[in-house]
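Spelled out from the first residue to the last, the chains are:
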Amino acid sequence: MLRRGLLAWVSRVVVLLVFLCCAISVLYMLACTPKGDEEQLGLPRASGPTGKEGFQAALQEWEEQHRDYIGSLKRQIAQLKQELQERSERLKAAQYHPSDAAGLGLEQGPPEKTQADLLAFLRSQVDKAEVHAGVKVATEYAAVPFDSFTLQKVYQLETGLTRHPEEKPVRKDKRDELVEAVESALETLNSPVEGSPNQRQYSASDFIEGIYRTEKDKGTLYELTFKGEQKHEFRRLVLFRPFGPIMKVKQEKLNMGNTLINIIVPLAKRVDKFRQFMQNFREMCIQQDGRIHLTVVYFGKEEMNEVKGILENTSKAASFRNFTFIPLNGEFSRGKGLDVGARFWKGSNVLLFFCDVDIYFTAEFLNTCRLNTQPGKKVFYPVLFSQYNPGIIYGHHEAVPPLEQQLVIKKETGFWRDFGFGMTCQYRSDFINIGGFDLDIRGWGGEDVHLYRKYLHSNLIVVRTPVRGLFHLWHEKHCVDELTPEQYKMCMQSKAMNEASHGQLGMLVFRPEIEAHLRKQKQKTSSKKT
């Protein structure tokens, strides 16, 4: 009996447990049943489509949801782009109207920079760059040179073996950059001025030339020169691109009609070169420019009368009286000659152009000299184009062309003499204040670099740029036996650099191989004919 009662009790407990498990399973299924379609997607239920059709419907609904989400993101991106464009335009407008900067309107507070803070940062870039004052640099190699350009060409120092000293800007970004600078300057020049109903409208044809340089950590500085309203008048705009919207720094109206240039030439012998120099001087300075004084500082007695005779003949033929002849005794010293010539001037502050007898310049360069100097503010150190040996350049021609036809800026005809600092334009007051030349230096070389370094160490702006109207004419370089082996080697290297281009020197070196090749080709042609 006891055993039967125990079995009955166990069976009832088992049935009860089974019933509880079923109840729990039913409750679990009810609690976990997916919500309606409007709230959440789930697997197809018994009342909906089943199998393959159900899964396809679910996937289609998911795809539609993703499309809607992507469309929403695109609309947000477009809205953000539009807002960014509007704020950029307001920032650019604020650069011309600083009082509007407060209304640019980004929300205040970190970590986001406000638009006013951004404008202040851009203007600080202008202050840090060498725009308003010179920056002291340690050596001549630390100075950042300018490149110059016109509407058609760019004149650049860093050429390498593939680029040319004068070329059209091939890269689209470089073309667009320079075009934008010119267009921005024209927009500023043509902006309405109150009280000027008949204001002149400037165009690209009024653009003369520009110079620019990039300081990698600050931005790009542009100085653009346009024709003025009167003869000898110019308009210059200084622009700065601080790796952002281009900013107008200042606008100037320059009148160079009364700016006299005193060209100082130190000389000893070299009568033939001086005669050639005076032919160029007569055409460019007397006939075209007319605002020039010439100072010749002559060392020694030998051939002095011939030089004076050339000066006097030019004076009579051209009715030119604005020249000074200063004879000096002793050994030739370029630095001393230029220093004496600069200090000899007794008039008001004058613009000096230190020049050598083997230099050719154009009337256009004289205005470039005037435009890139300012007393107490700016000195000009142009990079001239040095001519290769015409005998090598035109060796395959029947005759060497006239000098004027040789003066073209090409890779095959010469190079930018960026290691020379002898030709310079600066006001006499700046030259005196800086201390002039080191008179302990004798002969040629050294004094120009010494003076250049003094300006780099000062607060004056040093404008260093290649110019298309200033040429160093080739002349034979003699390496005398008195030089040490090291000096002689350096002299020969300098001579080779001035003789011809890399390719032309290579043709000279490999001429025997080239001639042997031509002979073999000629023999092959002759044998085929026979």
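Residues numbered from 1 in each chain as written. Predicted model: local features only at pLDDT ≥ 70, side-chain atom pairs only at ≥ 80, totals over all residues. Heavy atoms only, no water.

**A look at the packing of aromatic side chains**
Right, so step 1: A complete count under the given rule lists 24 aromatic pairs for this structure.
Right, so step 2: Arranged with centres 6.3 Å apart and planes meeting at 20 degrees, the rings of Phe274 and Phe277 form a pair that is stacked. Of the two residues, Phe274 and Phe277 both sit in helix H5 (residues 271-289), 3 residues apart, roughly one turn of that helix. Of the two residues, Phe274 and Phe277, neither departs from the other in class, the shared state being buried.
Right, so step 3: These aromatic residues form a ring-pair network of at least three members: Phe274, Phe277, Phe281, Phe320, Phe323, Phe353, Phe361 and Phe365.
Right, so step 4: In this structure, Arg464 packs its charged tip against the face of Tyr452, placed 5.8 Å from the ring centre. (Phe/Tyr/Trp six-rings, centres within 6.5 Å; stacked < 30°, edge-to-face > 60°. Helix = DSSP H or I, 4+ residues; strand = E, 2+ residues; numbered from the N terminus. Buried < 20%, exposed > 50% of the residue type's maximum accessible area, 1.4 Å probe, protein only. Lys NZ or Arg CZ within 6 Å of the ring centre and 35° of its normal.)

**Some remarks on the confidence of the model for the protein**
Right, so step 1: A residue-level look at the protein finds 83% of positions with pLDDT of 70 or above and a mean pLDDT of 83.
Right, so step 2: A low-confidence stretch, residues 34-48 (pLDDT under 50), is modelled with 14 contacts involving residues beyond four sequence positions or located in other chains.
Right, so step 3: Confidence over residues 98-111 falls short of pLDDT 50; this stretch has 20 contacts with residues more than four positions distant or in other chains. (pLDDT = per-residue confidence, 0-100. Contact = heavy atoms within 4.5 Å.)

**As for the packing of H5 against helix H8 (residues 363-371)**
Right, so step 1: Running from N to C, H5 and H8 cross one another at 75 degrees; their axes reach a closest spacing of 9 Å. If you check the angle between H5 and H8, you find them roughly perpendicular. From H5, Met284, Cys285, Gln288 and Asp289 reach across to H8, where they touch Ala363, Leu366 and Arg370.
Right, so step 2: Of the residues contributing to the contact of H5 with H8, the split by class is 4 nonpolar, 1 polar and 2 charged. (Axes fitted to C-alpha atoms, helices over the stretch in contact; angles between N-to-C directions. Parallel < 35°, antiparallel > 145°, perpendicular 65-115°, else oblique. Nonpolar A, V, L, I, M, F, W, Y, C, P; charged D, E, K, R; others polar.)

**Brief notes about the state of the cysteines**
Right, so step 1: Tallied over the full model, the rule gives 1 disulfide.
Right, so step 2: There is a disulfide in this structure between Cys369 and Cys425, and the S-S distance comes to 2.2 Å. Here Cys369 and Cys425 share a disulfide; its torsion about the S-S bond, -125 degrees, makes the bridge left-handed. Taken together, the residues span a long stretch of sequence, with Cys369 in helix H8 and Cys425 in strand E15 (residues 424-427) at a distance of 56 residues.
Right, so step 3: Distance from the sulfur of Cys285, which forms no disulfide, to the nearest cysteine sulfur (Cys355) is 8.6 Å.
Right, so step 4: Overall, the relative accessible area of 2% leaves Cys285 in the buried class. (Disulfide = S-S within 2.5 Å.)

**Let's talk about the sheet that holds strand E3 (residues 166-167)**
Right, so step 1: Pairing within the open sheet is antiparallel, and its 7 strands lie in the order E3-E2-E1-E4-E5-E6-E7. The open sheet has two edge strands, E3 and strand E7 (247-255), and neither has a second partner.
Right, so step 2: Relative to E7, strand E6 (residues 233-241) runs antiparallel, the two sharing 8 bridges. If you follow Val238 over to E7, its bridge partner there is Lys250.
Right, so step 3: Here helix H3 (residues 115-128) sits on the sheet and contacts E6 and E7; the angle it forms with E7, its principal contact strand, is near 45 degrees. (Pairing = 2+ DSSP bridges.)

**Quick look at the packing of H5 against helix H6 (residues 304-318)**
Right, so step 1: Where H5 meets H6, the closest approach of the two axes is 10 Å, and the angle between their N-to-C directions is 20 degrees. By the angle class used here, H5 and H6 are roughly parallel. In this structure, the crossing between H5 and H6 has a hand that is right-handed. Across from Val271, Phe274, Arg275, Met278, Arg282 and Ile286 in H5, the residues of H6 making contact are Glu306, Val307, Ile310, Leu311, Thr314, Ala317 and Ala318.
Right, so step 2: For the contact of H5 with H6, the residue count by class is 9 nonpolar, 1 polar and 3 charged. (Left-handed = near helix turned anticlockwise from the far one by under 90°.)

**Details of a positive patch on the surface**
Right, so step 1: On the surface, Arg519, Lys520, Lys524 and Lys528 cluster together into a patch of positive charge.
Right, so step 2: Summarising the element assignment, Arg519 is placed in helix H15 (residues 511-529). (Patch = residues over 30% accessible without salt bridge, like charges linked within 9 Å, V, L, I, M, F, W, Y side chains within 5 Å. Areas by Shrake-Rupley, 256 points an atom, 1.4 Å probe, with all protein chains shown as cover. Salt bridge = Lys/Arg side-chain N within 4 Å of Asp/Glu carboxyl O. Lys, Arg positive; Asp, Glu negative; His and termini not counted. Charge placed at Lys NZ, Arg CZ, Asp CG, Glu CD.)

**Structural notes on the pattern of salt bridges**
Right, so step 1: By the definition in use, this model includes 22 salt bridges.
Right, so step 2: Glu252 serves as the salt-bridge partner of Arg236, at 3.1 Å between the closest nitrogen and oxygen. Linking Arg236 in strand E6 with Glu252 in strand E7, this pair joins segments that are 16 residues apart in sequence. The two residues Arg236 and Glu252 agree in class, both being buried.
Right, so step 3: Glu447 is the partner of Arg334 in a salt bridge, and the nearest nitrogen-oxygen pair spans 2.9 Å. Highlighted residues: Arg334 in helix H7 (residues 334-344) and Glu447 in helix H12 (residues 447-456), separated in sequence by 113 residues.
Right, so step 4: For Glu447, a relative accessible area of 1% corresponds to the buried category.
Right, so step 5: Overlapping salt bridges bring together Glu209, Glu364 and Arg468 as one network.

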